[in-house]
Amino acid sequence: MTRSLTATEARNKTLVETCFAAWRAGTGSPFDLLADDATWTIVGRSDASKAYPSKAAFMNEVIHPFNARMSQGLKPTIRSLNVDGDSVIIFFDASGVARDGKPYVNTYAWFLELRDGKILKAHAFYDSIAFNDLWRRVTPTP
């Protein structure tokens, strides 16, 4: 039996789905939802795995250098999106093309905590072998 979503859950689900649709279309990013003081933790043993204490730290140390390694940005495809109050879990695949012409393909699971339409805390899981291969193989453009 499927339960009805609360107003908060429906709002959070729509917010994340809308950001992912914009990301896929190349007109936005899920990172637009990050609060300035959001913490983002990349779990595991990838070259980028650690806790980032702010949106600026995460964007400057991971997202901008990642995007600078790509000639065609990532396009996500959602497999599953679940909400429970202010918690959102999104399981998705994303692919793009690196600056060296090779494809980049990965599968992600993000555990997000939202409040008032902003991501306050995130824990991200992904295939660190695929990530590290790109991170080490392709030098970011300035």
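The structure displayed is predicted, hence computed values, not measured ones.

1. Concerning the side chain of N12
Within the secondary structure, N12 is located in helix α1 (residues 7–25). If near-sequence neighbours (up to four positions away) are discounted, N12 is found in contact with G85, D86, V88 and L114.

2. Here we look at the nonpolar core
Generally speaking, a soluble globular protein has its nonpolar side chains buried in company with each other. If you look at the biggest cluster of nonpolar residues, it comprises 42 residues, and the most contacted ones within it are W40, F58, Y104, W110 and L112. Counting only elements with at least two residues in this core, the list comes to α1, β1 (34–42), α2 (55–67), β3 (70–84), β4 (87–98), β5 (103–115), β6 (118–126) and α3 (128–137). Broken down by element, this core gets its largest block of residues, 6 residues, from α2.

3. Thoughts on the sheet that holds strand β2 (residues 51–52)
Sheet strands pair by backbone hydrogen bonding; their relative direction is either parallel or antiparallel. Strands sit in the order β2-β1-β6-β5-β4-β3 across an open sheet of 6 strands; the sheet is mixed. In this open sheet, the two strands that pair with only one neighbour each are β2 and β3. Where β5 and β6 come together, 8 bridges link them in antiparallel fashion. For F111, the partnering residue across the bridge sits in β6 and is H123. Those strands touched by α1 are β3, β4 and β5, and its axis lies near 165° from that of β3. Packing against the sheet, α2 makes contact with β1, β2, β3 and β5, and its axis sits at approximately 65° to β1.

4. Observations concerning α1
End to end, α1 covers 27 Å across 19 residues, agreeing with the expected 27 Å (1.5 Å per residue, within 8%). Within α1, burial applies to E9, N12, V16, C19, F20 and W23. Take α1 and look down its axis: the buried residues cluster within an arc of 105°, on one side only. α1 presents A7 and A25 as exposed residues on the side facing more than 90 degrees away from its buried surface.

5. Let's talk about unusual backbone geometry
Non-glycine residue D116 carries a positive phi angle of around 55°. Counting through the fold element by element, D116 comes out in the loop between β5 and β6.

6. A few points about the pairing of β1
Relative to β6, β1 runs parallel, the two being bridged by 5 bridges. Looking at β6, one finds that L34 is bridged to I119. As defined by bridge partners, β1 adjoins β2 across 2 bridges and the pair is classed as antiparallel. Residue pairing across strands places W40 opposite Y52, the latter belonging to β2.

7. Comments concerning the environment of D93
Within the secondary structure, D93 is located in strand β4. In this structure D93 comes out as partly exposed when scored by relative accessible area, which is 22%. Along the chain, D93 and P76 lie 17 residues apart, while their C-alpha atoms are 5.6 Å from each other. Contacts of D93, omitting those with residues within four sequence positions, involve K75, P76, T77, R79, N106 and T107.

About the cut-offs
- Residues numbered from 1 in each chain as written.
- Predicted model: local features only at pLDDT ≥ 70, side-chain atom pairs only at ≥ 80, totals over all residues.
- Heavy atoms only, no water.
- Helix = DSSP H or I, 4+ residues; strand = E, 2+ residues; numbered from the N terminus.
- Contact = heavy atoms within 4.5 Å.
- Core = buried A, V, L, I, M, F, W, Y, C linked by side-chain atoms within 4.5 Å.
- Buried < 20%, exposed > 50% of the residue type's maximum accessible area, 1.4 Å probe, protein only.
- Pairing = 2+ DSSP bridges.
- Axes fitted to C-alpha atoms, helices over the stretch in contact; angles between N-to-C directions.
- Expected span 1.5 Å × (residues − 1).
- Arc of directions from axis to C-beta.

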